[in-house]
Amino acid sequence: MTGRRQLPDQLRIASALGLSRPNKGEFVSVRLARRYPGDDDAPFVEIADGQWRIATPEDPVETAPYVPEQRTLLTVSKAGPRAAPTR
């Protein structure tokens, strides 16, 4: 592990989805939707039980994924960012 400071999951998820990272004391909110095969090439992250992307107005409302306290590692693939648990 390098000397780089680990970011909380919420900040890394925001960055991976192309959202601005909030400063201390600030919040960023966005509705998420599950990503399914055939969805466009929008950035996405893997959180808990699936792949999630920023919702569009046409997406149905659904329960958001739980973001565990465990740190995750986000990596970027051709289709977009992915989250994988650290060891």
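Preceding this paragraph is the structure being described.
In this text, all values refer to a predicted model and were calculated from it rather than measured experimentally.

Q: It is not clear to me how the layout of surface pockets should be interpreted in this structure. Could you clarify?
A: Any empty space left between the atoms is revealed when a probe the size of a water molecule rolls over them. Considering only enclosed or pocket space, the largest pocket measures out at about 440 Å³ in volume. In terms of lining, the largest pocket is formed by 21 residues, of which the most central are Gln10, Ile13, Ala14, Val28 and Ser29. With four residues, helix H1 (residues 9-16) is the largest single contributor of residues to the lining of the largest pocket.

Q: Help me understand the sheet that holds strand E3 (residues 50-54), please; the structure alone is not making it clear to me.
A: Backbone hydrogen bonds are what pair the strands of a sheet, in a parallel or an antiparallel way. A sheet is described by the order of its strands in space; here three strands give the open sequence E1-E3-E2, paired in antiparallel fashion. Because the sheet does not close on itself, it has two edges, and the strands there are strand E1 (32-34) and strand E2 (44-47). Within the sheet, the average angular offset between the axes of one strand and its neighbour, ignoring direction, is 40 degrees. Of the strand pairs in this sheet, E2 and E3 are connected by four bridges, and their pairing is antiparallel. Its bridge partner lying in E3, Val45 is registered against Trp52.

Calculation rules
Residues numbered from 1 in each chain as written. Predicted model: local features only at pLDDT ≥ 70, side-chain atom pairs only at ≥ 80, totals over all residues. Heavy atoms only, no water. 1 Å grid on protein atoms, 1.4 Å probe; cavity = no way out; pocket = protein on both sides within 12 Å on 5 of 7 lines; lining within 4 Å. Points joined across faces, edges and corners; volume = space filled by probe spheres on them. Helix = DSSP H or I, 4+ residues; strand = E, 2+ residues; numbered from the N terminus. Pairing = 2+ DSSP bridges. Axes fitted to C-alpha atoms, helices over the stretch in contact; angles between N-to-C directions.

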